[in-house]
Amino acid sequence: MTNVKAQEAPTPIELFTGNKGLAFQLIVSKQLSPLSEFGFFNVTNFAGDHKTNQTSDFLSQSFMTAEVCWGISVAAGLSAIGSSTTFSTVQPMAALQYLLTSRDVVVVILPQFDITQIYNFEMFAVLEYKPKLSKNWGIYTRFEGLYNYNTKLGYNELSEINLRLGLSYKNVQFGIGSIHDFYGPDEYNINNYGLFIKTDLF
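Residues numbered from 1 in each chain as written. Predicted model: local features only at pLDDT ≥ 70, side-chain atom pairs only at ≥ 80, totals over all residues. Heavy atoms only, no water.

(A) Summary view of the overall build of the chain. When you go through the chain residue by residue, the secondary structure sums to 0 helices and 12 strands. Starting at the N terminus and ending at the C terminus, the chain contains elements arranged as β-β-β-β-β-β-β-β-β-β-β-β. Of all 202 residues assigned to the chain, the portion counted as buried reaches 43%. Once local pairs closer than 6 in sequence are excluded, the contacts in the chain between residues at least 24 apart make up 44%. A total of about 10700 Å² of accessible surface is found on the chain, and carbon and sulfur atoms cover 67% of it. (Helix = DSSP H or I, 4+ residues; strand = E, 2+ residues; numbered from the N terminus. Buried < 20%, exposed > 50% of the residue type's maximum accessible area, 1.4 Å probe, protein only. Contact = heavy atoms within 4.5 Å. Areas by Shrake-Rupley, 256 points an atom, 1.4 Å probe, with all protein chains shown as cover.)

Printed below as a string of structure tokens:
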């Protein structure tokens, strides 16, 4: 399995609609130039509620990265998590990143630490497995997780699990999926089940 440079990695865009609401995701991972060890990484998520027609959750993280070796990079950037009722201030973050892309597998692991007085620890991870069935068709699966822990107060502020199962046709993936959100020390839970469509921009 070949580790492809982030410059060659696609930019996935996904739209999800479920029983609770809509969700949108964009992930960008690019090197500044084909031979550069420096790059840019961003993940942006929006989620909206069907009943209120408002954005219920928002996450955006942007990092400048510097590759060390074997797909591992050090990173520094900004992170913001908010909702329709509250919006957190933009926080500076320090992180490590592991990125692996091949024809059948994509792995992104991003442990990060808030370097302000809040001292939140956060882990973001994506695992895609997409084996080919024929020239144009294939199977598409994805596990995605986010865990945000407040080290100052000693509890989980936000966790999210995204699951996808479907088919791919050429450069488009579609199928069924679910989003599971957990909030606060009492683990208040919201589950969203539905359909997704996704494409990779090169």
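(B) Expanded view of the pattern of salt bridges. Taken as a whole and assessed by the stated rule, the structure comprises 7 salt bridges. Salt bridges here are not isolated pairs; linked through shared partners, they connect E14, R142, E144 and R164. (Salt bridge = Lys/Arg side-chain N within 4 Å of Asp/Glu carboxyl O.)

(C) Looking closely at the pairing of strand β8 (residues 120-129). Judged by which residues are buried, β8 turns out to be one-sided: N120, E122, F124, V126 and E128 face inward and are buried, whereas F121, M123, A125, L127 and Y129, on the alternate face, are not. Of the strand pairs in this sheet, β8 and strand β9 (residues 137-150) are connected by 10 bridges, and their pairing is antiparallel. Within β9, the residue paired with A125 across the bridge is G145. (Pairing = 2+ DSSP bridges.)

(D) A look at the packing of aromatic side chains. Inspection of every chain in the model, using the stated rule, returns 6 aromatic pairs. Measuring from ring centre to ring centre gives 5.0 Å for F46 and F58, while their planes differ by 50°; the resulting arrangement is tilted. Of this pair, F46 sits in strand β3 (residues 38-49) while F58 sits in strand β4 (residues 55-69), placing them 12 residues apart in sequence. Ring centres of Y140 and F196 lie 5.9 Å apart, and the angle between their planes is 50°; this geometry places the pair in the tilted category. On the criterion of sequence distance, the pair formed by Y140 in strand β9 and F196 in strand β12 (residues 188-201) is long-range, its members being 56 residues apart. Y140 gets classed as buried once you look at its relative accessible area, which sits at 0%. The rings of W137, Y169 and F174 are connected pair by pair, giving a single aromatic cluster. (Phe/Tyr/Trp six-rings, centres within 6.5 Å; stacked < 30°, edge-to-face > 60°.)

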